[in-house]
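As a plain string of letters, each chain reads:
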Amino acid sequence: MRNLIVIPAYNEQGALTRTLSELEGLPDGYEILLVNDGSTDTTGELARKWSETCRRPVYVVDLPINSGIGVTVQTGYIFAAQHGGYRYVIQFDADGQHDAAAIPLLIRECETRDLDLCIGSRFLEPDAGGFRSTAARRLGIRFFTWLISSLSGVRVSDPTSGLRCAGPRAWQRFARCYPEDYPEPESLFWCARNHLRIGEVPVRMWPRQTGVSSIGSRGALYYMIKVSVAILLDRSRIKEHGV
Amino acid sequence: MTAETLMLAGGVSAFFMTVYWVRKRDLREKYAVAWLAVATLLLLCGLFPHIIMCWAEAAHLSYPSAVLFIALGIIYPFAFSVSLSLTRQYRQNVRLMQCLALLEHRVRMLEQNNANAEGEKVSEAGSAGRS
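Predicted model only: the values in this text are computed from it and were never measured. (Residues numbered from 1 in each chain as written. Chains lettered and ligands numbered in written order. Predicted model: local features only at pLDDT ≥ 70, side-chain atom pairs only at ≥ 80, totals over all residues.)

Enquirer: What am I meant to see in the overall build of chain A here?
Expert: Assigned secondary structure in chain A consists of eight helices and seven strands. Taking 2.2 N^0.38 as the reference for a compact globule, 243 residues should give roughly 18 Å; the C-alpha atoms of chain A span a radius of gyration of 17 Å, in line with that estimate. Dimensions along the principal axes, computed over C-alpha positions, put chain A at roughly 50 × 40 × 40 Å. The proportion of buried residues among the 243 residues of chain A is 45%. (Helix = DSSP H or I, 4+ residues; strand = E, 2+ residues; numbered from the N terminus. Rg over C-alpha atoms; globule rule 2.2 N^0.38 Å. Buried ≥ 20, exposed ≤ 12 C-beta atoms within 10 Å, placed from the backbone.)

In structure tokens:
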């Protein structure tokens, strides 16, 4: 059974080559899908050139206009659903923040504990080192941890992590419906509320090599409010059976 | 300018604006119906001011500020329906864009496979000719 690594990318030409090189070192059984989110730089061309020489299958899908992280990642889930034959779908950032060595750990955790969603957490092992975001962001992350845990009873230490491995039950649903912007906490809450099995593994992350975060200092308040409202409203929805 | 003349002018302008945008196909008939109803209401109030007086008396509205509430009552459902419509359009656009991107990828793969098959055929024909 193959696994698909989905890389959402927007103007990541500076970091992409290194990210793809690191992923090339993974064992067999992994395929890579780069979803180019309407980049205005050479991200798409770089990835296509890479796909010609890479020893593992690398696919490149270009969204015609910049649509945000949720739409980009969902395109990856739809790709997996249309092509079939994938067991796990892993979301992996293009900006060099994530460690490729964590991917087999996420898969192993999913297999061992029969998880539907496994999150790479920066906070599970406080002494693990690596980049753990700014103090203000950590405060926000703690707030989401508290909110999700109080509403669903599932405690996840890094609900905003973009390094996650989804099993078939989770990614098949994400292919049908996925939040458009700031999707991680919201989709995690959906999984928790619908009794999907969620786990975490400790990972190390690095500061992004190039580019800027999609959540600026001015957008942080909106982000907090929007995601909180989305989670609270999701709780009012009828639970999905047979997911 | 009296309030009656203002309403009359507003009604006529709203009427022509609606017709203009529908003719240009920038406004759907679905929304135009509601805007034409507002224009007609304004026109009627401008032409027959006693209607509004009777209505104000019946509703116990005797302050100009009450107009604000009436305006809000009209604006709110319109603005809300626009938000709903935009959301629906956005979701449809996203789905179409994703389909387009994935289809484009499939076409590119098919073209690449065809080109490879053609290349193989040519090289096979070449080696058969040499032997």
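Moving on, there is more to tell.
Enquirer: So what exactly am I meant to see when it comes to the overall build of chain B here?
Expert: For chain B, the helix and strand inventory stands at four helices and zero strands. Listing the helices and strands of chain B from first to last along the sequence gives α-α-α-α. A compact globule built from 131 residues would reach a C-alpha radius of gyration of about 14 Å, whereas chain B, at 31 Å, exceeds it by more than 25%. Viewed in the frame of its principal axes, chain B has a C-alpha envelope of about 105 × 25 × 20 Å. Counting the 131 residues in chain B, one finds 6% classified as buried. Taking contacts inside chain B between residues at least 6 apart in sequence as the whole, the part at least 24 apart equals 61%. (Contact = placed C-beta atoms within 7 Å.)

Enquirer: Sorry, what's going on with the interface of chain B and chain A here?
Expert: By a frequent convention, interface size equals the accessible area lost on bringing the separate parts together. Opposite the eight residues of chain B that make contact, chain A presents 13 residues. Of the residues that constitute the side of chain B that touches chain A, the class distribution is five nonpolar, two polar and one charged. (Nonpolar A, V, L, I, M, F, W, Y, C, P; charged D, E, K, R; others polar.)

Enquirer: Could you clarify how one ought to interpret the confidence of the model for chain B in this entry?
Expert: The predicted coordinates ought not to be read in detail in places where the model reports low pLDDT. All names here are of chain B. With 97% of its residues at a pLDDT of at least 70, chain B reaches an overall mean of 86. The element-level mean pLDDT for chain B is lowest in helix α3 (residues 49-58), coming to 83, with helix α4 (residues 66-130) highest at 88. Complex prediction metrics read pTM 0.84 and ipTM 0.85. (pLDDT = per-residue confidence, 0-100.)

Enquirer: Can you walk me through unusual backbone geometry in this structure?
Expert: If a residue is not glycine, its phi is most likely negative; likewise, a peptide bond is most likely trans. Residues and elements named next belong to chain A. Phi is positive for asparagine 11, which is not a glycine, with a value near 50°. Along the polypeptide, asparagine 11 turns up in the loop between β1 (2-9) and α1 (13-24). Unusually for a residue other than glycine, aspartate 114 sits at a positive phi of about 50°. Here aspartate 114 is to be found in the loop between α4 (102-113) and β5 (117-121). Owing to 9 C-beta atoms within 10 Å, aspartate 114 belongs among the exposed residues under this scheme.

Enquirer: Teacher, can you tell me more about the domain arrangement of chain B here?
Expert: Residue and element names in this part refer to chain B. Splitting chain B by domain gives domain 1 (1-62) and domain 2 (63-131). Taking the mean C-alpha position of each, domain 1 and domain 2 sit 39 Å from one another. Facing four residues of domain 1, the contacting portion of domain 2 comprises four residues. (Domains from an automatic or database assignment.)

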